Amino acid sequence: MVRQLQMTDQISAVADALRRARTIAAMTGAGVSAASGIPTFRGADGLWKKTRPELLASREGFEQDPRLVWEWYDWRRQVIRDARPNPAHDVLAAWTRQPGFTLITQNVDGLHEKAGAERLIRLHGSIWHVRCWQPCDAGRRDWRDDTAPFPALPPRCPHCGALMRPGVVWFGENLDTEDVAAATAATRCDVFLTIGTSSVVYPAAGLVGQARGHGATTIEINPEVTEASDEVDIAIRGKAEDVLVAIDAVL
Ligand code: OAD
């Protein structure tokens with residue numbers, strides 16, 4: 001049930017809930033990086049409006065055309081390389097330094113880390129990680145590669161010369177079991193915030209419902225109505241970079 005309150009009342013209500021909470025979890029999506037100039041996936045100018053996700057973010061797509069997939073990732077890596085964290089990342093990074101706070105993200109852009117976030121659970125991997133597509137023994141595990149742009153596409157595994165793939169979770173792939181376990185454990189909290197996500201990609205989208213099931217006060221921060229809006233206690237219609245700063249100011 002969404003409480004119909006003015007935004008200032010909502011912000012005080014959220015600040016009260018956060019002050020009282022011993023344990024807090026926040027999950028973020030592409031919307032928290034929008035103010036840093038990184039396009040979201042499903043908005044009006046979203047990446048998935050211009051192309052089919054299964055073409056660029058799936059094993060099948062990569063098998064069909066690894067160069068096309070890498071052209072897209074190489075372009076995004078260049079956009080992200082030049083992006084700076086915005087006030088939403090800064091507030092969340094400061095909150096991660098408080099005991100009992102867990103930050104979970106679906107974002108692969110590394111901006112939470114750049115802002116100094118600690119104990120971050122990255123559900124969808126990192127665009128700065130790569131691994132061998134085969135995989136060869138040496139290239140089985142992800143490693144960090146900051147090259148952007150790559151001199152030649154598709155880039156090759158430095159260990160065996162086979163194709164290299166981005167270290168992100170693609171459609172149809174399983175998430176890392178330890179990350180899912182950590183995120184699931186974090187839903188046993190007093191307050192759960194879902195911020196800047198359309199809440200359509202599972203299992204991430206299911207976390208807010210799990211938190212609610214465990215008795216958490218649930219809060220959404222998003223300028224648009226989402227799949228989660230009806231199931232949260234407080235839905236704040238605003239931008240993460242404004243609303244988080246406003247909440248932090250009254251804490
Ligand atoms: P989406 O693009 O689906 O949703 C972005 C959400 O951010 C939308 O609900 C917008 O209304 C909201 N938004 C836009 N600007 C905002 C702002 N300034 N402040 C707060 N919210 C804002 O992105 P995700 O929900 O993150 O998966 O997408 C989930 C997953 O789908 C991604 O991790 C990616 C994608 O396919 C993989 O790469 C595996």
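Residues numbered from 1 in each chain as written. Predicted model: local features only at pLDDT ≥ 70, side-chain atom pairs only at ≥ 80, totals over all residues. Heavy atoms only, no water.

Focus: the site of the ligand
As a reminder of what qualifies: Near is defined per residue: the residue qualifies when any heavy atom it owns lies within 4 Å of the molecule or strand. Counted as a polar contact is a pair of N or O atoms within 3.5 Å, where, for protein atoms, one must be capable of donating a hydrogen and the other of accepting one, and residues adjacent in sequence contribute only when both atoms are in side chains. Three residue categories are used. Nonpolar comprises Ala, Val, Leu, Ile, Met, Phe, Trp, Tyr, Cys and Pro, charged comprises Asp, Glu, Lys and Arg, and polar comprises the others, including Gly. Domain boundaries shown here were taken from an automatic or database domain assignment.
Taken together, 23 residues surround the ligand, and among them Phe 41, Arg 42, Thr 197, Ser 198 and Asn 222 come closest. Between the ligand and Gln 106 there is a distance of 3.2 Å, counted from an oxygen atom to a backbone nitrogen or oxygen. A distance of 3.0 Å separates a nitrogen atom of the ligand from a polar side-chain atom of Glu 241. Taken together, the residues that form the shell around the ligand break down as 9 nonpolar, 10 polar and 4 charged. For the shell around the ligand, the two domains that each supply at least three residues are domain 1 (1–37 + 85–124 + 175–251) and domain 2 (39–82 + 125–168).

Here we look at the packing of helix 1 (residues 7–20) against helix 10 (residues 240–250)
Cut-off, in case you're wondering: Lines are fitted to the C-alpha atoms to define the axes, a helix being fitted only along its stretch in contact, and any angle between axes, read from their N-to-C directions, falls within 0 to 180 degrees. Helix and strand assignments follow DSSP, with helices taken as H or I runs no shorter than four residues and strands as E runs no shorter than two, numbered in order from the N terminus. Comment on the angle field: the value is read as roughly parallel under 35 degrees, roughly antiparallel over 145, roughly perpendicular from 65 to 115, and oblique elsewhere. Two helices cross in a left-handed way if the nearer one is turned anticlockwise from the farther one by less than a right angle. They cross in a right-handed way if the turn is clockwise. Residues count as neighbours in contact if any of their non-hydrogen atoms are within 4.5 Å of one another.
Contact pair helix 1 / helix 10: the axes reach a minimum separation of 9 Å and the direction vectors enclose 60°. One element, helix 1, and the other, helix 10, form an angle in the oblique class. As helix 1 packs across helix 10, the resulting crossing turns out to be right-handed. Residue-level contacts link Met 7, Ile 11, Val 14, Ala 15, Leu 18 and Arg 19 of helix 1 to Val 243, Ala 246, Ile 247 and Val 250 of helix 10.

Notes on the pattern of salt bridges
Defined as follows: Here a salt bridge means any side-chain nitrogen of Lys or Arg lying within 4 Å of a carboxyl oxygen belonging to Asp or Glu. Each residue is placed in one exposure class: buried if its accessible area under a 1.4 Å probe, protein chains only, is under 20% of its type's maximum, exposed if it is over 50%, and partly exposed if it falls in between.
In the structure shown here, the tally under the stated rule is 11 salt bridges. Close ionic contact of Asp 16 with Arg 19 constitutes a salt bridge, the shortest N to O distance being 2.7 Å. A residue pair is termed a helical-turn pair when its members lie 3 or 4 positions apart in one helix, as Asp 16 and Arg 19 do in helix 1 at 3 residues. Given a relative accessible area of 32%, Asp 16 falls into the partly exposed group.

Some details on the confidence of the model for the chain
As a reminder of what qualifies: Across the chain, each position has a pLDDT score giving the predictor's confidence in that residue, from 0 to 100.
For the chain, per-residue confidence averages 95 on the pLDDT scale, and residues scoring 70 or more make up 98% of the total. Ranking the elements of the chain by mean pLDDT puts helix 2 (residues 47–50) last with 78 and strand 7 (residues 191–195) first with 99.

Re the sheet that holds strand 9 (residues 234–236)
For clarity, the cut-off: Two strands form a pair only when DSSP identifies at least two bridges running between them.
As summarised here, the arrangement of the 6 strands in space is 3-2-1-7-8-9, forming an open sheet in which the pairing is parallel. The open sheet is flanked by strand 3 (120–122) and strand 9, the only strands paired with a single partner. Direction aside, neighbouring strands of the sheet carry axes that sit 15° apart on average. Summarising the sheet, strand 7 and strand 8 (residues 217–221) pair through 5 bridges and their orientation is parallel. Pairing of Leu 193 across the sheet is with Ile 219, part of strand 8. The strands touched by helix 10 within the sheet are strand 7, strand 8 and strand 9, with strand 8 carrying the most contacts at an inclination of about 135°.

A few points about unusual backbone geometry
A cis amide bond links Ala 148 to the next residue, Pro 149, at an omega of 0°. Turning to its location among the elements, Pro 149 is positioned in the loop between strand 5 (143–144) and strand 6 (164–168). The linkage connecting Tyr 202 with the following residue, Pro 203, adopts the cis geometry, with an omega of 10°. Residues other than glycine seldom take positive phi values, yet Arg 119 does so here, at roughly 50°. Counting through the fold element by element, Arg 119 comes out in the loop between helix 7 (111–114) and strand 3. Residue classification places Arg 119 among the partly exposed residues on the basis of a relative accessible area of 47%. The phi torsion at Ser 199 lies on the positive side, around 60°, for a residue other than glycine. Note that Ser 199 resides in the loop between strand 7 and helix 9 (207–213).

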